[in-house]
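This is what each chain is made of:
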Amino acid sequence: MLMTVVSSRLSLAILPIGLSVSRLLSVKYSPQRLTVYVSRSVRASSASVETKSRVDSVVEREKKNILACPICYNSLSEVTSHPHGSVESPASGTRLQCSTCKKSYSANETHLDLAVASGTKHYTEPLPLSIELFRNPLVSFLYERGWRQNFIWGGFPGPEKEFEMAKEYLKHVLGGNIIDASCGSGMFSRLFAKSEHFAMVYALDYSENMLRQCYDFLKQEANLIDKKIIVLARADIARLPFLSGSVDAVHAGAALHCWPSPSSAVAEISRVLRPGGVFVATTFIYDGFFRFIPFLKDLRQEVMRYSGSHMFLSERELEDLCKSCGLIGFTCVRNGLFIMLSATKPTR
């Protein structure tokens, strides 16, 4: 659920779930899958020609390699790979290399490590509590087994309902690719993949243990027909390993308050979104009645200082954050301490 560097719940770990690296770097989608998506659109709308044209353009865009070095943001190329990587036999040993700085990034049994400090042997840096908490194996194990369910007391509707709400904001980018930032154990990554509304789902988290949970849940997912559309990777939320303007949508479920620097994270999200791309996030807010509790604002500042968590930002602060990072059209839905927000990258 973390993300690194100044991130928190984000780590880009390429889940070699039946997805070879060569396929990832030059993503090609079969005519069969395209036909299935278009046929659904035809049933939903009479504008089949327009829908097919939009999907075709998305598929063409997805053929390009969108993964990038998180240091210099230039494209990655395959150095070594395992041609038969899958859930049962992942592509361990795969290496990608930056075309500019020549740094290499490796895959283990469950994911590809695209964090800035990946591969370091002696260097370490202290990370905020809001990051380290979700790297704990016990917390990672419990997250989808009771932890996340308790968010209902804060007004969160629950994953399925939140997914349906998010789809409303994402309807203009269906058929494209989506990043599930700070994916945790992958509950939304699986929902995005099972919906078959997206060509690729990139499940990112900084926590290695969260990614292992995500990998295990995906292996057990019987209703996910095509596991090849999911990529797991460990990465820094403030140094996303994607080319600029290459992503159609970014989702961050119950994550923004964990990021040590939301402004750095949202700025990165804005960088990787294509014109017209959509950012959707849920978090806890400090607003309404709570603004009138005298000591709560000071308490919030102290919590942020020592934990690195940005719990209880206000709606006004969140809108200001999105605007300052180049996103427009801020809109939101609220319920108690829960808020789902959306903003869009301006079109040219």
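Residues numbered from 1 in each chain as written. Predicted model: local features only at pLDDT ≥ 70, side-chain atom pairs only at ≥ 80, totals over all residues. Heavy atoms only, no water.

Draft legend 1. Inspection of the environment of Ser-261 at higher detail. Position of Ser-261 among the secondary structure elements: in the loop between β8 (247–252) and α9 (262–272). For Ser-261, a relative accessible area of 17% corresponds to the buried category. Residues Ser-261 and Ala-238, spaced 23 residues apart in sequence, show a C-alpha to C-alpha distance of 8.0 Å. (Helix = DSSP H or I, 4+ residues; strand = E, 2+ residues; numbered from the N terminus. Buried < 20%, exposed > 50% of the residue type's maximum accessible area, 1.4 Å probe, protein only.)

Draft legend 2. View of the confidence of the model for the protein. Chain-level statistics for the protein give a pLDDT mean of 79 and a share of 70% at 70 or above. Contacts for the low-pLDDT stretch residues 26–63, under 50 throughout, to residues beyond four places or in other chains number 43 contacts. Confidence drops under pLDDT 50 across residues 83–90; counting only partners more than four residues distant or on other chains, this segment forms 22 contacts. (pLDDT = per-residue confidence, 0-100. Contact = heavy atoms within 4.5 Å.)

Draft legend 3. Structural view of helix α7 (residues 187–195). Within α7, 8 of the 9 residues are buried, which leaves the element mostly enclosed by the surrounding structure. If you check which residues of α7 are buried, you get Met-187, Phe-188, Ser-189, Arg-190, Leu-191, Phe-192, Ala-193 and Ser-195. Glu-196, located one to two residues past α7, shows a positive phi value of around 60°.

Draft legend 4. The arrangement of the pairing of strand β11 (residues 338–344) in detail. Counting buried positions along β11 gives 6 out of 7 residues, so the element sits mostly inside the fold. When strand β9 (residues 273–284) meets β11, the two strands line up antiparallel, connected through 7 bridges. Bridged to Phe-284 within β11 is Phe-338. With 6 bridges joining them, strand β10 (residues 328–335) and β11 adopt antiparallel strand pairing. Bridge pairing in β11 links Val-333 to Met-340. (Pairing = 2+ DSSP bridges.)

Draft legend 5. Local environment of the packing of helix α5 (residues 137–147) against helix α8 (residues 208–220). Contact geometry for α5 and α8: axes closest at 8 Å, N-to-C directions at 40°. As the angle between them shows, α5 and α8 are arranged oblique. In terms of crossing hand, the pair formed by α5 and α8 is right-handed. Between α5 and α8, the residues in contact are Pro-137, Val-139, Ser-140, Phe-141, Tyr-143, Glu-144 and Arg-145 and Asn-209, Met-210, Gln-213 and Phe-217, respectively. Partitioning the contact of α5 with α8 into residue classes produces 6 nonpolar, 3 polar and 2 charged. (Axes fitted to C-alpha atoms, helices over the stretch in contact; angles between N-to-C directions. Parallel < 35°, antiparallel > 145°, perpendicular 65-115°, else oblique. Left-handed = near helix turned anticlockwise from the far one by under 90°. Nonpolar A, V, L, I, M, F, W, Y, C, P; charged D, E, K, R; others polar.)

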